[in-house]
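Fold and contact review
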Amino acid sequence: MMGLLRRAQSVVALLGILILAAIVSPTASDGARIFLEAGNLTDILSLIGIISLAMTFVILTGGIDLSVGSILALSTTLVAMGLTRAWQGASYSSHILWAILAAVAASTLAGALNGVVIASLRIQPFVVTLASMIGVRGLAKWLSRNENIDIGFGRDVAARFAEIFREKAIVIGSYVGAAALFWVLLSRTVFGRHVRAIGDNEKAAEYTGLPILATRIWVYSLSGLLSGFAGVLYAAENHQGNPNAGVAYELDAIAAVVIGGTRLSGGKGSISGTIVGTLIMGVLTNMLRLNNVDSNVEMMIKAVIIVLAVAVQRAE
Amino acid sequence: MESDRNSQPDLLQADGIRKHFGGVAALRAVHFALRTGEVHALIGENGAGKSTLAKILAGAVRPDSGTIAIDGHPAAIGTPLDAQRLGIGIIYQELDLFPSLTIGENMAIGNLGLREGSLVRSARLAAFCRPYLEQAGLHCSLQEPLGTLPIGKRQLLAVARALSMNARILLMDEPTSSLSGDAVERLFSLIRALRDRGVAIVYVSHKIDEIFRVCDRATVLRDGETIGTVEIAGTTSAEIIRLMVGRDLRMTVRPDRRTMGDVVLSVEGLTTHKLKSISFELRRGEVLGVAGLVGAGRSELGAALFGLDPIRSGVLRRAGVPIAPRSPGEAMRHGIGLTPEDRRDEGLMMSMSVLENGTLTVLPSMQRWGFLRGSREKSALAKVTDRIALHCPSTDAAVETLSGGNQQKVLLARWLLLDPEVLFLDDPTRGIDVGAKQDIYRAIDDLAATGKGVILVSSELPELLRCCDRILVLRDGQVAAVYDAAEATQEKIMAAATSAFGDRA
């Protein structure tokens, strides 16, 4: 019952911000509120939403993943490199498929490496993912020789890829699909139950014979996978593979998870909370930008919202 | 129990000290009087309230009510600094020193005797420390990190530190619990030297032989009450044991002699970092008790059987087959289960629900097509909760909202669901109410009746006598004695556990 109330509370907060955004929205020449236009509403969802889903799992185990932004950069770089390289005799669709698979596989591997080091060497997740945040960024820059890899607007395979994957339906569909998958994973599977149990009390999990090592490795692998997938979408949206992409994304993802009520020390939290947290941050950003609020002021307002959201949950 | 020999007021007198932690009474109306220049033992079983009283006298814990007088004048001891000003020093069981700071820094930190501005000069520090270190018999450089000293010398440093704070009253909480033979001797001669110089020492312990070696008087606590104060010269260890354990408890009666089957677990020469050559056999339908003081190796026995501590030598056999579990998961596959002593830290996921906690050991069998079936989980849990009378508003309630007794039942339910052949219960009734205790005893009876082997660790001797067929007494990681239920008495067990009089098996 209390849980339901608390969840309702964050949904009410989201509705409040939505209404506020609609009221203060600038109007177009025909009198329509720009905020409410379909083209704008679909902008609310950013790639960070996808990353936040796996970040929820990481934080539920009591960990943190600072490397998601760098892994995203590695993925955009790899997918752009793959697409701009000539592949004689391959069809467009298999060329695109293999480029995406390679980028996502490399990202998943980077995440798995985080997990293996954290779980088997028992080093703090903060330290390990801080290191890979630096190292993977370096790898992305080194591979691309520190240059953007442009995806043109012509008729080649790269342009075709961008045309497909920057489609709003694909982006939003990916998010909805991933959110549903992760929601089921957390609430309806043995794996999800283990994730929460380990975060709630690792020692007790050990005394119950739970597979702590494997669960941790899986969680960081999933984080790498979703960051890599977000990187593919980033390349399409921006028509380039950019090794400098995704800077500070980890902080926005963590903010969305925390606003969604997931406990930073692990064990307690939900995917539905993270979805609400992501939407609150998204609507807020969109509202402030539509009203031409200075982006520096935007950061200050977000700071207040993060602390406020957690303070309200603490008071429960 | 004694007459006042002189009219001079006691150095320290505590009257009517009460303290509750949550709903549990740790101390109820405790009286304690300390004279100048004596070593006064504070003795009692685990949980009798000895450490709580010591912490109250040292200002680390505030009593709910009661008065403390020093030299006949009422004293308010609200904080450790107040205690220091009144000349009371304490040496905790887990030394409250800083291993990565130097010895000199450890002497200086929090020391009112040294507070002169905020800078401490090394020359002044050395001059300040030297006499106290010499008194404590320590010869070491002030620049060395404390961590380089062996534990026995750290104990001496803690004494030197207390002396440098002008302590007239020195409280020592289980000071020998982690010391070797030599270090114990050094500490005892220091204690005698301090007494001769007029320092009053409160010696908290449950080791009866030590009390007879260094103490002048002893105050016995039991269940948070003062039972009496005796002159050591005029008493015997048997008398003190009787005072420590002599309680009457109304209990459910144990079933008549149980029928036992084959050997379900045999342990031969089991040795780990804490255990030395332990051997015993456990039969189907048997409840084997494990008694011993804290630190005697009771929990470590569970850790070795359950794959948590590496086994250095010895053989475990499950139903005749040698096993060597290296993790709890492996032990579970061999049909061994364990409920840990500390249910909060090692047992339960406090923010997760009763249902989620209960089914954690059997989750894989709760799936259909890879998805957990809530209905299957609920019906599985319901089967065991009836057997142990688990009361909770709903199985969706978070475990942290339940009483201690019901939390323990959730932990037990988790293992009843897995249904291992051997279940090691580590002090399952610690800190829970009388009614819940009886429910757990009944669950233990049921397990034995269905042919399981149960190992029950407990600090409460009446509980072991109530539940067990045989009782294994551990001391210093070794088997000190084994008693049949028929021949065991609290006095015999306590004596074997403390080695007050020899009864080695």
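Residues numbered from 1 in each chain as written. Chains lettered and ligands numbered in written order. Predicted model: local features only at pLDDT ≥ 70, side-chain atom pairs only at ≥ 80, totals over all residues.

Topic: the pairing of strand β21 (residues 470-475) of chain B
Residues and elements named next belong to chain B. Judged by how many residues are buried, β21 sits mostly within the fold: five of six residues are covered. Alignment of β21 against strand β22 (residues 478-484), held across six bridges, turns out to be antiparallel. Bridge assignment links L472 to a residue of β22, and that residue is V482. (Buried ≥ 20, exposed ≤ 12 C-beta atoms within 10 Å, placed from the backbone. Helix = DSSP H or I, 4+ residues; strand = E, 2+ residues; numbered from the N terminus. Pairing = 2+ DSSP bridges.)

Regarding the sheet that holds strand β20 (residues 453-457) of chain B
Residue and element names in this part refer to chain B. The sheet built from six strands is open, its strands ordered β16-β19-β20-β13-β21-β22 with mixed pairing. Since the sheet does not close on itself, it has two edges, and those belong to β16 (336-339) and β22, each with one partner. Between one strand axis and the next, the sheet turns by 20° as a mean value, whatever way the strands run. Contacts from helix α9 (residues 298-305) reach β13 (287-291), β16, β19 (422-426), β20 and β21, with the element oriented near 150° to β19. Running at roughly 25° to β21, helix α17 (residues 490-498) makes contact with β13, β21 and β22 of the sheet. (Axes fitted to C-alpha atoms, helices over the stretch in contact; angles between N-to-C directions. Contact = placed C-beta atoms within 7 Å.)

Thoughts on the interface of chain A and chain B
Across the boundary between the two partners, chain A contributes 16 residues, which contact 22 residues of chain B. Elements that contribute at least two residues to the side of chain A that touches chain B include exactly α9 (190-200) and α10 (202-207) of chain A. Broken down by element, the side of chain A that touches chain B gets its largest block of residues, five residues, from α9(A). Split by residue class, the side of chain A that touches chain B holds four nonpolar, five polar and seven charged. (Nonpolar A, V, L, I, M, F, W, Y, C, P; charged D, E, K, R; others polar.)

A closer look at the nonpolar core
With 240 residues, the main nonpolar core has I51(A), L171(B) and L456(B) as its most contacted residues. With 14 residues, helix α11 (residues 212-238) of chain A is the single largest residue contributor to this core. The residue makeup of this core includes at least three contributed by each of domain 1 (12-245) and domain 2 (263-498) of chain B. If we skip the residues at most four places from it in the chain, L171(B) touches A54(B), L57(B), A58(B), I88(B), G89(B), I90(B), I91(B) and V202(B). (Core = buried A, V, L, I, M, F, W, Y, C linked by C-beta atoms within 7 Å. Domains from an automatic or database assignment.)

Quick look at helix α13 (residues 271-290) of chain A
The end-to-end C-alpha separation of α13(A) is 28 Å, in line with the 28 Å expected for 20 residues at 1.5 Å each. N292(A) lies just past α13(A) and shows a positive phi near 55°. (Expected span 1.5 Å × (residues − 1).)

Comments concerning the confidence of the model for chain A
Across chain A, the average pLDDT comes to 90, with 97% of residues at 70 or higher. Here helix α1 (residues 2-24) of chain A is the element of chain A with the lowest mean pLDDT, 76, and helix α6 (residues 125-143) of chain A is the one with the highest, 97. (pLDDT = per-residue confidence, 0-100.)

Some words on the pairing of strand β9 (residues 217-222) of chain B
Residue and element names in this part refer to chain B. Where burial is concerned, most of β9 is hidden: five out of the six residues are buried. With four bridges connecting them, strand β3 (residues 39-43) and β9 associate as parallel partners. Across the sheet, residue I43 finds its bridge partner in β9, namely V220. As defined by bridge partners, β9 adjoins strand β10 (residues 225-231) across six bridges and the pair is classed as antiparallel. Counterpart to L221 in the pairing with β10 is T226. What sits between β9 and β10 in their antiparallel hairpin is a turn of two residues, with D223 showing a positive phi close to 50°.

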